[in-house]
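# Working through the structure, step by step
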Amino acid sequence: MAGSERLRLFCALRLPAGTIRELVAWQEGALVRGRRVPPENLHVTLAFLGSRPASEVPRITEALRASAAGAGGMRLAVRRYSETRGVGMLELADEGGCAAALAGRLHRSLEELGVYEREARPWLPHVTVVRFRKPPKLQPDVSVLGEIVPSDAAVFISRLRPGGAVYEAPEAVPLTGTQLGGG
């Protein structure tokens, strides 16, 4: 990556292989319309940064690393399926508030770096599972899905391709220790 090259970036919680397999099996049975998000793109977004210079990636990664320190014990439960005008998602309950605390620390850190502007709406932990042009108004059963315990976090590079976005996470950041200010 050249320092002046612009990259489409976001920070996210990565999901363990077993959780991804469970979500893919659920997608195949429950999502009868739309373009399913491929397994390698399933994640929980912490912050979308948009187009940023490649030279900022190390500082962004360090902000994520510092924010994730003490973020162990995170547990997310699938609460419900919902649709916006372009995506279907699994909304997650943040049991103990660990994920929200991590997102809050990260948002503050990224704002201090001048690389992020917080959205007006509150952060919502979710996994995007399907994309569409027109909402199909699906009502899939989510009660069969288990708890989600993120494996780690990463800064992702999103490269737009004709078949959809391709995500690359050059380096993972561990979620370790005891959460401060959460359960």
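In what follows, the accompanying structure is described. Keep in mind it's a predicted model, so treat the numbers as computed, not measured.

Before going further, it helps to spend a moment on the pairing of strand β4 (residues 75-83). Bridging between β4 and strand β5 (residues 87-95) involves eight bridges; their strand directions are antiparallel. Counted as the bridge partner of glutamate 83 is glycine 88 from β5. Between the end of β4 and the start of β5, which pair antiparallel, lie three residues.

Here we come to the sheet that holds strand β6 (residues 126-131). Sheet strands pair by backbone hydrogen bonding; their relative direction is either parallel or antiparallel. Across the sheet, four strands lie side by side as β2-β6-β5-β4; this open sheet has antiparallel pairing. A single partner strand is all that each edge strand has here, and the edge strands are β2 (35-36) and β4. The strands touched by helix α1 (residues 17-30) within the sheet are β2, β4, β5 and β6, with β6 carrying the most contacts at an inclination of about 40°.

Here we take up the pairing of strand β7 (residues 152-161). Summarising burial for β7: seven of the ten residues are buried, a large majority. Summarising the sheet, strand β1 (residues 6-14) and β7 pair through seven bridges and their orientation is antiparallel. Bridge pairing in β7 links leucine 13 to alanine 153. In this sheet, strand β9 (residues 172-174) lies alongside β7 in antiparallel orientation, the contact comprising three bridges. The partner of aspartate 152 across the bridge, within β9, is proline 174.

What counts, and where the lines are drawn
- Residues numbered from 1 in each chain as written.
- Predicted model: local features only at pLDDT ≥ 70, side-chain atom pairs only at ≥ 80, totals over all residues.
- Heavy atoms only, no water.
- Pairing = 2+ DSSP bridges.
- Helix = DSSP H or I, 4+ residues; strand = E, 2+ residues; numbered from the N terminus.
- Contact = heavy atoms within 4.5 Å.
- Axes fitted to C-alpha atoms, helices over the stretch in contact; angles between N-to-C directions.
- Buried < 20%, exposed > 50% of the residue type's maximum accessible area, 1.4 Å probe, protein only.

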